[in-house]
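Single-letter residue listing:
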Amino acid sequence: MSNKHVDILIVGAGLSGIGAACHLTRKAPNRTYAILERRERIGGTWDLFKYPGIRSDSDMFTLGYNFRPWTGGKVLADGPSIKQYVHDTARENNVEQHIQYGLAVVSAEWSGTDKCWTLTARKEATGETVTFTTSFLVGCTGYYNYDAGYKPDFPGEADFGGQIVHPQHWPEDLDYTGKRVVVIGSGATAITLVPTMAEETAHITMLQRSPSYIMAMPDTDKVSMAMNKVLPKKWVFSMTRGRNILIQRGLYLACQRWPDRARKLLISHMHKQAPNIDVRHFSPSYMPWDQRLCAAPDGDFFTSLRSGKADIATDHIERFDETGIVLKSVQHLEADL
(Lines give C-alpha, C1' and ligand atoms only; values in the text may rest on other atoms or scores of the structure.)
Protein backbone atom coordinates (compact mmCIF):
# COMPACT_ATOMS: atom_id res chain seq x y z
CA MET A 1 0.00 0.00 0.00
CA SER A 2 1.23 3.49 -0.87
CA ASN A 3 0.04 6.88 0.41
CA LYS A 4 -0.08 10.28 -1.24
CA HIS A 5 -1.43 13.70 -0.25
CA VAL A 6 -2.66 16.43 -2.59
CA ASP A 7 -4.59 19.63 -1.91
CA ILE A 8 -7.38 18.71 -4.33
CA LEU A 9 -8.36 15.29 -5.64
CA ILE A 10 -10.52 14.92 -8.75
CA VAL A 11 -12.22 11.62 -9.51
CA GLY A 12 -12.82 11.13 -13.24
CA ALA A 13 -10.97 12.32 -16.36
CA GLY A 14 -13.95 13.07 -18.55
CA LEU A 15 -15.30 16.42 -19.72
CA SER A 16 -15.97 17.65 -16.16
CA GLY A 17 -12.80 16.31 -14.55
CA ILE A 18 -10.52 17.79 -17.20
CA GLY A 19 -12.42 21.08 -16.97
CA ALA A 20 -11.99 21.22 -13.18
CA ALA A 21 -8.27 20.48 -13.53
CA CYS A 22 -7.83 23.22 -16.12
CA HIS A 23 -9.47 25.79 -13.86
CA LEU A 24 -7.16 24.74 -11.01
CA THR A 25 -4.11 25.00 -13.25
CA ARG A 26 -5.13 28.47 -14.38
CA LYS A 27 -6.48 29.96 -11.14
CA ALA A 28 -4.71 28.06 -8.34
CA PRO A 29 -1.26 27.20 -9.71
CA ASN A 30 0.24 26.79 -6.22
CA ARG A 31 -2.23 24.05 -5.26
CA THR A 32 -1.35 20.40 -5.80
CA TYR A 33 -3.92 18.11 -7.36
CA ALA A 34 -4.35 14.70 -8.93
CA ILE A 35 -6.99 13.09 -11.14
CA LEU A 36 -7.94 9.47 -10.54
CA GLU A 37 -9.34 7.73 -13.62
CA ARG A 38 -10.50 4.14 -13.50
CA ARG A 39 -10.21 3.60 -17.22
CA GLU A 40 -7.00 3.85 -19.25
CA ARG A 41 -7.95 6.87 -21.34
CA ILE A 42 -9.22 10.44 -21.10
CA GLY A 43 -12.72 11.20 -22.29
CA GLY A 44 -15.20 9.52 -19.98
CA THR A 45 -18.55 9.20 -21.75
CA TRP A 46 -17.06 10.27 -25.07
CA ASP A 47 -14.46 7.52 -24.94
CA LEU A 48 -16.78 4.80 -23.62
CA PHE A 49 -19.74 4.98 -25.99
CA LYS A 50 -19.29 3.78 -29.57
CA TYR A 51 -22.83 3.41 -30.88
CA PRO A 52 -23.72 4.78 -34.35
CA GLY A 53 -24.17 8.51 -34.57
CA ILE A 54 -23.16 9.25 -30.97
CA ARG A 55 -23.26 13.01 -30.39
CA SER A 56 -23.97 15.61 -27.75
CA ASP A 57 -27.55 16.60 -27.04
CA SER A 58 -26.45 20.00 -25.72
CA ASP A 59 -24.99 22.66 -27.98
CA MET A 60 -21.21 22.78 -27.79
CA PHE A 61 -21.04 26.52 -27.18
CA THR A 62 -22.58 25.93 -23.74
CA LEU A 63 -21.37 22.37 -23.13
CA GLY A 64 -17.80 23.35 -24.04
CA TYR A 65 -15.31 25.08 -21.76
CA ASN A 66 -15.71 28.84 -21.34
CA PHE A 67 -11.90 29.26 -21.45
CA ARG A 68 -11.40 27.28 -24.69
CA PRO A 69 -13.63 28.27 -27.62
CA TRP A 70 -15.45 25.55 -29.51
CA THR A 71 -14.72 26.36 -33.14
CA GLY A 72 -16.27 23.30 -34.79
CA GLY A 73 -19.08 23.94 -37.23
CA LYS A 74 -21.59 21.55 -35.70
CA VAL A 75 -23.87 22.71 -32.90
CA LEU A 76 -24.45 19.16 -31.63
CA ALA A 77 -21.00 17.67 -32.08
CA ASP A 78 -20.22 14.00 -32.73
CA GLY A 79 -18.59 11.90 -30.03
CA PRO A 80 -15.09 11.64 -31.59
CA SER A 81 -14.93 15.44 -32.02
CA ILE A 82 -15.85 16.01 -28.37
CA LYS A 83 -13.30 13.43 -27.23
CA GLN A 84 -10.60 15.18 -29.27
CA TYR A 85 -11.67 18.54 -27.80
CA VAL A 86 -11.21 17.15 -24.27
CA HIS A 87 -7.82 15.64 -25.19
CA ASP A 88 -6.57 18.86 -26.76
CA THR A 89 -7.76 20.91 -23.78
CA ALA A 90 -5.95 18.62 -21.32
CA ARG A 91 -2.73 18.74 -23.35
CA GLU A 92 -2.76 22.53 -23.82
CA ASN A 93 -3.21 23.05 -20.06
CA ASN A 94 -0.60 20.45 -19.00
CA VAL A 95 -3.23 18.41 -17.19
CA GLU A 96 -2.24 14.95 -18.47
CA GLN A 97 0.75 14.71 -16.10
CA HIS A 98 -1.67 14.83 -13.14
CA ILE A 99 -3.81 11.87 -14.26
CA GLN A 100 -3.37 8.43 -12.69
CA TYR A 101 -5.07 5.78 -14.81
CA GLY A 102 -6.42 2.37 -13.88
CA LEU A 103 -7.44 3.37 -10.35
CA ALA A 104 -10.90 2.40 -9.10
CA VAL A 105 -11.98 4.36 -6.01
CA VAL A 106 -13.15 1.91 -3.36
CA SER A 107 -14.01 4.27 -0.50
CA ALA A 108 -13.92 7.92 0.57
CA GLU A 109 -14.04 8.92 4.24
CA TRP A 110 -14.13 12.41 5.74
CA SER A 111 -12.45 13.25 9.05
CA GLY A 112 -13.87 16.30 10.78
CA THR A 113 -10.98 16.24 13.22
CA ASP A 114 -8.23 16.20 10.59
CA LYS A 115 -10.25 18.24 8.09
CA CYS A 116 -9.36 15.92 5.24
CA TRP A 117 -10.62 13.13 3.04
CA THR A 118 -9.02 9.67 2.88
CA LEU A 119 -9.62 7.83 -0.38
CA THR A 120 -8.78 4.19 -0.97
CA ALA A 121 -8.30 3.14 -4.57
CA ARG A 122 -7.42 -0.17 -6.22
CA LYS A 123 -5.10 -0.57 -9.18
CA GLU A 124 -7.20 -2.75 -11.44
CA ALA A 125 -4.22 -4.19 -13.29
CA THR A 126 -2.46 -5.50 -10.15
CA GLY A 127 -5.01 -5.36 -7.32
CA GLU A 128 -2.65 -3.12 -5.33
CA THR A 129 -4.30 -0.70 -2.90
CA VAL A 130 -3.39 2.99 -2.95
CA THR A 131 -4.44 5.59 -0.34
CA PHE A 132 -4.81 9.32 -0.97
CA THR A 133 -5.52 12.13 1.46
CA THR A 134 -6.86 15.46 0.33
CA SER A 135 -8.42 18.62 1.71
CA PHE A 136 -10.94 18.94 -1.11
CA LEU A 137 -12.63 16.20 -3.14
CA VAL A 138 -14.25 16.80 -6.53
CA GLY A 139 -16.46 14.03 -7.91
CA CYS A 140 -16.62 14.05 -11.73
CA THR A 141 -17.71 10.45 -12.21
CA GLY A 142 -20.93 10.84 -14.16
CA TYR A 143 -24.23 9.39 -13.01
CA TYR A 144 -24.37 5.85 -14.39
CA ASN A 145 -22.61 2.52 -14.06
CA TYR A 146 -19.68 2.30 -16.46
CA ASP A 147 -19.46 -1.50 -16.05
CA ALA A 148 -22.99 -2.31 -17.19
CA GLY A 149 -25.73 -0.08 -18.50
CA TYR A 150 -29.20 -0.49 -17.03
CA LYS A 151 -31.16 -3.23 -18.72
CA PRO A 152 -34.62 -4.47 -17.64
CA ASP A 153 -35.34 -8.19 -17.67
CA PHE A 154 -38.07 -8.76 -20.26
CA PRO A 155 -40.08 -12.00 -20.24
CA GLY A 156 -39.12 -14.36 -23.03
CA GLU A 157 -35.76 -12.80 -23.89
CA ALA A 158 -34.16 -16.24 -24.04
CA ASP A 159 -36.66 -17.23 -26.74
CA PHE A 160 -35.66 -14.39 -29.07
CA GLY A 161 -33.81 -15.69 -32.13
CA GLY A 162 -32.11 -12.39 -32.92
CA GLN A 163 -29.50 -10.32 -31.13
CA ILE A 164 -30.03 -7.97 -28.18
CA VAL A 165 -27.56 -5.08 -27.90
CA HIS A 166 -27.10 -2.38 -25.26
CA PRO A 167 -25.75 0.93 -26.64
CA GLN A 168 -23.20 1.14 -23.82
CA HIS A 169 -21.63 -2.09 -25.05
CA TRP A 170 -21.96 -1.71 -28.80
CA PRO A 171 -20.06 -4.46 -30.69
CA GLU A 172 -17.54 -2.97 -33.11
CA ASP A 173 -18.37 -5.58 -35.75
CA LEU A 174 -22.17 -5.32 -35.50
CA ASP A 175 -23.73 -5.36 -38.98
CA TYR A 176 -27.36 -4.22 -39.06
CA THR A 177 -27.58 -3.77 -42.83
CA GLY A 178 -30.93 -4.98 -44.15
CA LYS A 179 -32.15 -6.02 -40.70
CA ARG A 180 -35.39 -5.24 -38.89
CA VAL A 181 -34.50 -3.29 -35.77
CA VAL A 182 -36.45 -2.25 -32.68
CA VAL A 183 -35.00 0.47 -30.46
CA ILE A 184 -36.52 0.33 -26.96
CA GLY A 185 -36.80 3.81 -25.43
CA SER A 186 -37.34 7.36 -26.65
CA GLY A 187 -34.62 9.38 -24.93
CA ALA A 188 -31.61 11.12 -26.44
CA THR A 189 -29.84 7.86 -27.34
CA ALA A 190 -32.87 6.56 -29.24
CA ILE A 191 -33.33 9.87 -31.06
CA THR A 192 -29.70 9.56 -32.17
CA LEU A 193 -29.77 5.87 -33.10
CA VAL A 194 -32.97 5.79 -35.15
CA PRO A 195 -32.02 8.20 -37.99
CA THR A 196 -28.43 6.93 -38.14
CA MET A 197 -29.38 3.26 -38.36
CA ALA A 198 -32.38 3.90 -40.63
CA GLU A 199 -29.97 4.59 -43.50
CA GLU A 200 -28.94 0.92 -43.60
CA THR A 201 -31.66 -1.15 -41.90
CA ALA A 202 -34.58 -2.77 -43.69
CA HIS A 203 -36.80 -0.99 -41.17
CA ILE A 204 -36.41 0.45 -37.69
CA THR A 205 -39.07 1.04 -35.02
CA MET A 206 -38.70 3.15 -31.90
CA LEU A 207 -40.73 1.48 -29.16
CA GLN A 208 -41.68 3.86 -26.36
CA ARG A 209 -43.78 3.42 -23.23
CA SER A 210 -44.57 7.12 -23.39
CA PRO A 211 -43.62 9.88 -25.87
CA SER A 212 -40.87 12.46 -25.40
CA TYR A 213 -40.66 16.06 -26.57
CA ILE A 214 -38.33 16.32 -29.56
CA MET A 215 -37.26 19.58 -31.19
CA ALA A 216 -35.63 19.95 -34.60
CA MET A 217 -32.73 22.39 -34.52
CA PRO A 218 -30.03 23.46 -36.99
CA ASP A 219 -27.05 21.14 -37.22
CA THR A 220 -24.64 24.02 -37.85
CA ASP A 221 -24.58 27.59 -36.53
CA LYS A 222 -24.23 29.51 -39.78
CA VAL A 223 -24.23 32.89 -38.04
CA SER A 224 -21.24 31.93 -35.88
CA MET A 225 -19.44 30.38 -38.83
CA ALA A 226 -19.85 33.61 -40.78
CA MET A 227 -18.68 35.77 -37.85
CA ASN A 228 -15.61 33.55 -37.41
CA LYS A 229 -14.40 34.74 -40.80
CA VAL A 230 -14.24 38.39 -39.77
CA LEU A 231 -13.99 38.48 -35.97
CA PRO A 232 -11.62 36.87 -33.41
CA LYS A 233 -12.81 33.38 -32.54
CA LYS A 234 -12.82 34.16 -28.81
CA TRP A 235 -15.24 37.02 -29.39
CA VAL A 236 -17.52 34.88 -31.51
CA PHE A 237 -17.48 32.04 -28.99
CA SER A 238 -18.27 34.38 -26.11
CA MET A 239 -21.15 36.05 -27.97
CA THR A 240 -22.59 32.76 -29.19
CA ARG A 241 -22.29 31.17 -25.76
CA GLY A 242 -24.10 34.09 -24.14
CA ARG A 243 -26.80 34.07 -26.81
CA ASN A 244 -27.42 30.33 -26.49
CA ILE A 245 -27.58 30.48 -22.69
CA LEU A 246 -30.19 33.25 -22.91
CA ILE A 247 -32.24 31.31 -25.49
CA GLN A 248 -32.14 28.07 -23.50
CA ARG A 249 -32.93 29.81 -20.24
CA GLY A 250 -35.74 31.74 -21.88
CA LEU A 251 -37.20 28.57 -23.39
CA TYR A 252 -37.09 26.81 -20.03
CA LEU A 253 -38.73 29.72 -18.18
CA ALA A 254 -41.41 30.07 -20.86
CA CYS A 255 -42.23 26.36 -20.58
CA GLN A 256 -42.51 26.70 -16.81
CA ARG A 257 -44.59 29.88 -16.98
CA TRP A 258 -46.95 28.74 -19.76
CA PRO A 259 -46.78 24.92 -19.74
CA ASP A 260 -50.05 24.33 -21.60
CA ARG A 261 -49.11 26.70 -24.42
CA ALA A 262 -45.61 25.25 -24.62
CA ARG A 263 -47.01 21.72 -24.73
CA LYS A 264 -49.37 22.56 -27.61
CA LEU A 265 -46.59 24.33 -29.49
CA LEU A 266 -44.11 21.46 -29.16
CA ILE A 267 -46.67 18.79 -30.07
CA SER A 268 -47.65 20.86 -33.12
CA HIS A 269 -43.97 21.23 -34.04
CA MET A 270 -43.38 17.47 -33.90
CA HIS A 271 -46.53 16.63 -35.84
CA LYS A 272 -45.68 19.15 -38.58
CA GLN A 273 -42.22 17.61 -38.85
CA ALA A 274 -43.69 14.13 -39.38
CA PRO A 275 -47.37 14.49 -40.42
CA ASN A 276 -47.51 10.83 -41.48
CA ILE A 277 -47.15 9.73 -37.82
CA ASP A 278 -50.20 9.59 -35.53
CA VAL A 279 -50.04 12.61 -33.20
CA ARG A 280 -50.56 10.38 -30.13
CA HIS A 281 -46.95 9.23 -30.57
CA PHE A 282 -45.94 12.87 -30.04
CA SER A 283 -48.14 13.57 -26.99
CA PRO A 284 -46.10 13.16 -23.77
CA SER A 285 -47.92 12.74 -20.45
CA TYR A 286 -45.63 15.29 -18.76
CA MET A 287 -45.19 19.01 -19.34
CA PRO A 288 -42.24 20.46 -21.31
CA TRP A 289 -38.99 20.55 -19.37
CA ASP A 290 -40.31 18.35 -16.57
CA GLN A 291 -37.79 16.12 -18.34
CA ARG A 292 -35.03 17.11 -20.76
CA LEU A 293 -35.97 18.12 -24.27
CA CYS A 294 -34.51 15.85 -26.98
CA ALA A 295 -32.80 17.57 -29.92
CA ALA A 296 -32.83 16.36 -33.55
CA PRO A 297 -30.10 18.08 -35.63
CA ASP A 298 -31.62 19.35 -38.87
CA GLY A 299 -34.69 17.29 -37.90
CA ASP A 300 -32.94 14.04 -38.94
CA PHE A 301 -35.19 11.96 -36.68
CA PHE A 302 -38.31 13.34 -38.35
CA THR A 303 -36.77 12.91 -41.81
CA SER A 304 -36.41 9.16 -41.19
CA LEU A 305 -40.05 9.00 -40.07
CA ARG A 306 -41.30 10.88 -43.14
CA SER A 307 -39.31 8.60 -45.44
CA GLY A 308 -41.02 5.50 -44.08
CA LYS A 309 -37.67 3.95 -43.11
CA ALA A 310 -38.60 4.37 -39.44
CA ASP A 311 -41.75 4.45 -37.36
CA ILE A 312 -42.89 4.66 -33.74
CA ALA A 313 -44.82 2.26 -31.52
CA THR A 314 -46.23 3.51 -28.21
CA ASP A 315 -47.02 0.57 -25.97
CA HIS A 316 -45.73 -1.69 -23.19
CA ILE A 317 -43.78 -4.90 -23.74
CA GLU A 318 -45.69 -8.05 -22.90
CA ARG A 319 -42.88 -10.44 -23.81
CA PHE A 320 -40.24 -11.36 -26.36
CA ASP A 321 -40.79 -14.32 -28.68
CA GLU A 322 -38.66 -16.01 -31.35
CA THR A 323 -39.20 -13.36 -34.01
CA GLY A 324 -39.62 -10.12 -32.09
CA ILE A 325 -41.66 -8.40 -29.39
CA VAL A 326 -45.28 -8.93 -28.37
CA LEU A 327 -46.87 -5.74 -27.02
CA LYS A 328 -49.63 -5.51 -24.44
CA SER A 329 -51.97 -4.39 -27.21
CA VAL A 330 -51.21 -7.78 -28.84
CA GLN A 331 -49.41 -6.02 -31.70
CA HIS A 332 -46.26 -7.87 -32.77
CA LEU A 333 -43.04 -6.10 -33.78
CA GLU A 334 -40.87 -8.24 -36.05
CA ALA A 335 -37.19 -7.84 -35.27
CA ASP A 336 -33.77 -9.27 -36.05
CA LEU A 337 -32.00 -6.90 -33.65
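Details of the structure are given in the entry above.
Residues numbered from 1 in each chain as written. Predicted model: local features only at pLDDT ≥ 70, side-chain atom pairs only at ≥ 80, totals over all residues. Heavy atoms only, no water.

Colleague: Please give an account of the overall build of the chain that cites residues and values.
Modeller: A tally of helices and strands in the chain yields nine helices and 14 strands. With respect to the three principal axes, the spread of C-alpha positions in the chain is 60 × 55 × 40 Å. Expressed as a percentage of the 337 residues in the chain, the buried residues total 41%. Long-range contacts, defined as pairs at least 24 residues apart, comprise 64% of the intrachain contacts of the chain with a sequence gap of at least 6. Put simply, the chain shows about 17,800 Å² of open surface, and 52% of that area lies on carbon and sulfur atoms. Across the chain, the 38 positively charged side chains and the 37 negatively charged ones have centroids separated by 10 Å. (Helix = DSSP H or I, 4+ residues; strand = E, 2+ residues; numbered from the N terminus. Buried < 20%, exposed > 50% of the residue type's maximum accessible area, 1.4 Å probe, protein only. Contact = heavy atoms within 4.5 Å. Areas by Shrake-Rupley, 256 points an atom, 1.4 Å probe, with all protein chains shown as cover. Lys, Arg positive; Asp, Glu negative; His and termini not counted. Charge placed at Lys NZ, Arg CZ, Asp CG, Glu CD.)

Colleague: Can you lay out the sheet that holds strand β12 (residues 317-321) for me, pointing to particular residues and giving the numbers?
Modeller: On the basis of which strands lie adjacent, the open sheet formed by three strands has the order β12-β13-β14 and antiparallel pairing. With one partner strand each, in any of the chains shown, β12 and β14 (332-334) form the two edges of the open sheet. Neighbour-to-neighbour, the strand axes of the sheet open up by a mean angle of 20 degrees, direction not taken into account. (Pairing = 2+ DSSP bridges. Axes fitted to C-alpha atoms, helices over the stretch in contact; angles between N-to-C directions.)

Colleague: Give me the lowdown on the pattern of salt bridges, citing residues and values where you can.
Modeller: What the rule picks out here adds up to 16 salt bridges. Between aspartate 47 and arginine 39 there is a salt bridge, and its shortest N-O distance comes to 2.5 Å. Across the pair, exposure class does not vary: aspartate 47 and arginine 39 are buried alike. In this structure, aspartate 47 engages arginine 41 in a salt bridge whose closest nitrogen and oxygen atoms are separated by 3.0 Å. Assessed through its relative accessible area of 41%, arginine 41 is described here as partly exposed. Shared partners join several salt bridges into a network, and the residues in it are Arg38, Arg122, Glu124 and Asp147. (Salt bridge = Lys/Arg side-chain N within 4 Å of Asp/Glu carboxyl O.)

Colleague: If you had to explain helix α1 (residues 15-27) to someone new, which residues and values would you point to?
Modeller: Count 3.6 residues to each turn of an α-helix, and residues three or four apart come out pointing the same way. In this model α1 runs 18 Å from its N-terminal to its C-terminal C-alpha over 13 residues, within 8% of the 18 Å that 1.5 Å per residue would give. Looking at α1, one finds that the buried residues are Leu15, Gly17, Ile18, Gly19, Ala21, Cys22 and Leu24. (Expected span 1.5 Å × (residues − 1).)

Colleague: Break down the sheet that holds strand β11 (residues 310-314) for me, with residues and values.
Modeller: With parallel pairing, the three strands of this open sheet are ordered in space as β7-β8-β11. The open sheet has two free edges, formed respectively by β7 (180-184) and β11, since each of these has just one partner strand. The average undirected angle you get between the axes of adjacent strands in this sheet is 25 degrees. Both strand β8 (residues 203-208) and β11 contribute to a ladder of five bridges, which runs parallel.

Colleague: Lay out the side chain of aspartate 219 in plain terms, naming residues and giving numbers.
Modeller: Position of aspartate 219 among the secondary structure elements: in the loop between β9 (214-217) and α6 (222-228). A distance of 2.6 Å separates a polar atom in the side chain of aspartate 219 from a polar atom in the side chain of lysine 74. Apart from the residues within four sequence positions on either side, aspartate 219 is in contact with Gly73, Lys74, Val75, Leu76, Pro297 and Asp298. (Polar contact = N/O pair within 3.5 Å; in protein donor to acceptor, adjacent residues only side chain to side chain.)

Colleague: An account of the environment of valine 105 is needed here, citing residue identities and associated values.
Modeller: For valine 105, the location among the structural elements is in strand β4 (residues 103-111). Here valine 105 falls in the partly exposed class, since its relative accessible area comes to 33%. A sequence separation of 58 residues divides valine 105 from aspartate 47, and the C-alpha atoms of the two residues are 19 Å apart. Not counting the four nearest positions on each side in its chain, valine 105 is found in contact with Val11, Leu36, Leu119, Thr120 and Ala121.

Colleague: Give a detailed account of the nonpolar core, specifying residues and quantitative values.
Modeller: Ile18, Ile35, Phe301, Phe302 and Leu305 are the most contacted members of the largest nonpolar core, which totals 61 residues. With six residues, the single largest contributor to this core is helix α5 (residues 188-198). Other than its neighbours up to four places away in sequence, phenylalanine 301 contacts Ile191, Val194, Pro195, Met206, Ile214, Ala296 and Ile312. (Core = buried A, V, L, I, M, F, W, Y, C linked by side-chain atoms within 4.5 Å.)

Shape descriptors only; they carry no functional weight alone.
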